[in-house]
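Chain residues, written in single-letter form:
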Amino acid sequence: MLGQLLPLFDLLAILLLVAMFSRAAFADEGAPFGAPISPFLLHQPNGYLAIDLLAFSQWDDGGDPLVDEGFRYEALSLDIRLRPSDTVTVRGTAVVAYLQNDPLLVLPSTIANAHVTSASTDFVTLDASLATDIVLGDGKWIISPGLFYHHQWAYLATGIDLDVRHILAGGDTILRVTYNGRYAFVRQVNWDGSPVIDDHRITNNAIFGWTQVLSPHLITNVSLQYTNQAGLLSSTLQFVGLYNSAGQPVLLVDEVLPRIRNRGQVNFRTRYTSFVGTSYGLDLSGYADDWGLVNVAIEPNIETPIWGRARFRAWYRLADQKGTRYFTAMPQTVEPYMTQNSNLGSFVNQNPGVALLVPFAERWMLRASLLGFYRTDGIFGVGGSLGFSVEW
Amino acid sequence: MTTRGICGLLVAVAVLSGCATTRFHERERLADRAAAFDQDHQILYLRDKIEAAREGGFGCFGGSAAGGCGCE
């Protein structure tokens, strides 16, 4: 399967080079007086509606031999924003998806308490959220209460959100303090069909951000982030395989993780824009938590006009992760905390992606993207989107 | 971070915040979405599904240990 992906990566690299070198033909040192306003100007419209089709396929060519992580995902996304006044914006999103898992995986006969595994059967998921942005204090405070709802087979999470943003300084130096809070009610069915579990998950997230305009061409951002989660952090759909001394799986037991997790994160982002519409970016991030997980990532990206008013964007993200100390590949005994969730393991993750934005008519935008990931533990996938937006 | 490092950071913030390096009419390039740090919401949603949810973060904001649900 990797062999099938390599031509895709080659194609992305060629598209990136074409976009970079074609920029000179469309160099635009600013719109002349009286020219129409660019559809790419950052602004807040009074209304915005976007409808997109999303698709994603994941394959499992490694990882945990007792789990097949392959699936297909198709979704319809709806995003609407209304701004009835300068100080109030209402935002609503809904994503309905159909998820098809790979066929059931037949387990070795040495396992005493299960014969087959699958993440779950085919099912429909619904992600929905509704929030209101309220601007206070001459624009220096934005308070956003909201509700969210996520439902899928054997899993329900619903609750309230609260975002508070405060701008400490403006101009070329923008200092911003942000708080995000989420209180989630969680209902899960256990992987072996045992009784439903009702629990909660509370997330508190604080960010200090410093954005600096260094010149008319260069802008940077540094942010420090602290996140605390408490409540049900393990998944009842996850299990752990126990092995005997001969390396044979003999029993499946529950994943158990601590009910508290603290994480610190540092981000550095910069954009150099040589012409209107062309920018070269570099994003760096690193985080570590008290579960022993460390993740660092780098992402160069570019956005440029390619023909007419259309825009092309490409990025390549590379992340290196050291897994949590609770990740255990072939345990022989039950430990207080243990997981075989491959997302918490150690690997290098590559994420190439491209996006195309084509404005048409007066206020319409066509949007398409193609992106993928390849993890060195053998999990990889390709996805994309196609949709449009309109604003008024 | 050492005390010297913290002092250096505070001095840098103070100095930079006192320097207006751009005028209003010079902001045209930076006011374009190409210079924005975040992309369209729909593309970010898909990136969360494909990238963030495959690593050991919180999947996406509010998710469980990793790749969890309850996002967006």
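1. Examining the overall build of chain A
Of regular secondary structure, chain A possesses one helix and 20 strands. For chain A, the residues scored as buried account for 30% of the 392 residues in total. Within chain A, counting contacts between residues at least 6 apart in sequence, those at least 24 apart form 57% of the total.

2. A closer look at the interface of chain A and chain B
Note: interface size is frequently given as the accessible area lost on complex formation between the parts. Opposite the 76 residues of chain A that make contact, chain B presents 43 residues. Counting residues per element, the side of chain A that touches chain B draws most heavily on strand β10 (residues 197–215) of chain A, at eight residues. Residues belonging to the side of chain A that touches chain B are distributed by class as follows: 27 nonpolar, 37 polar and 12 charged.

3. Brief notes about unusual backbone geometry
All names here are of chain A. Residues other than glycine seldom take positive phi values, yet D138 does so here, at roughly 60°. Counting through the fold element by element, D138 comes out in the loop between β6 (123–136) and β7 (141–152). In this structure, A361 is a non-glycine residue whose phi angle is positive, near 50°. Position of A361 relative to the elements: it lies in the loop between β18 (347–360) and β19 (364–375). C-beta crowding within 10 Å serves as the criterion here: with 8 such atoms nearby, A361 is assigned to the exposed category.

What counts, and where the lines are drawn
Residues numbered from 1 in each chain as written. Chains lettered and ligands numbered in written order. Predicted model: local features only at pLDDT ≥ 70, side-chain atom pairs only at ≥ 80, totals over all residues. Helix = DSSP H or I, 4+ residues; strand = E, 2+ residues; numbered from the N terminus. Buried ≥ 20, exposed ≤ 12 C-beta atoms within 10 Å, placed from the backbone. Contact = placed C-beta atoms within 7 Å. Nonpolar A, V, L, I, M, F, W, Y, C, P; charged D, E, K, R; others polar.

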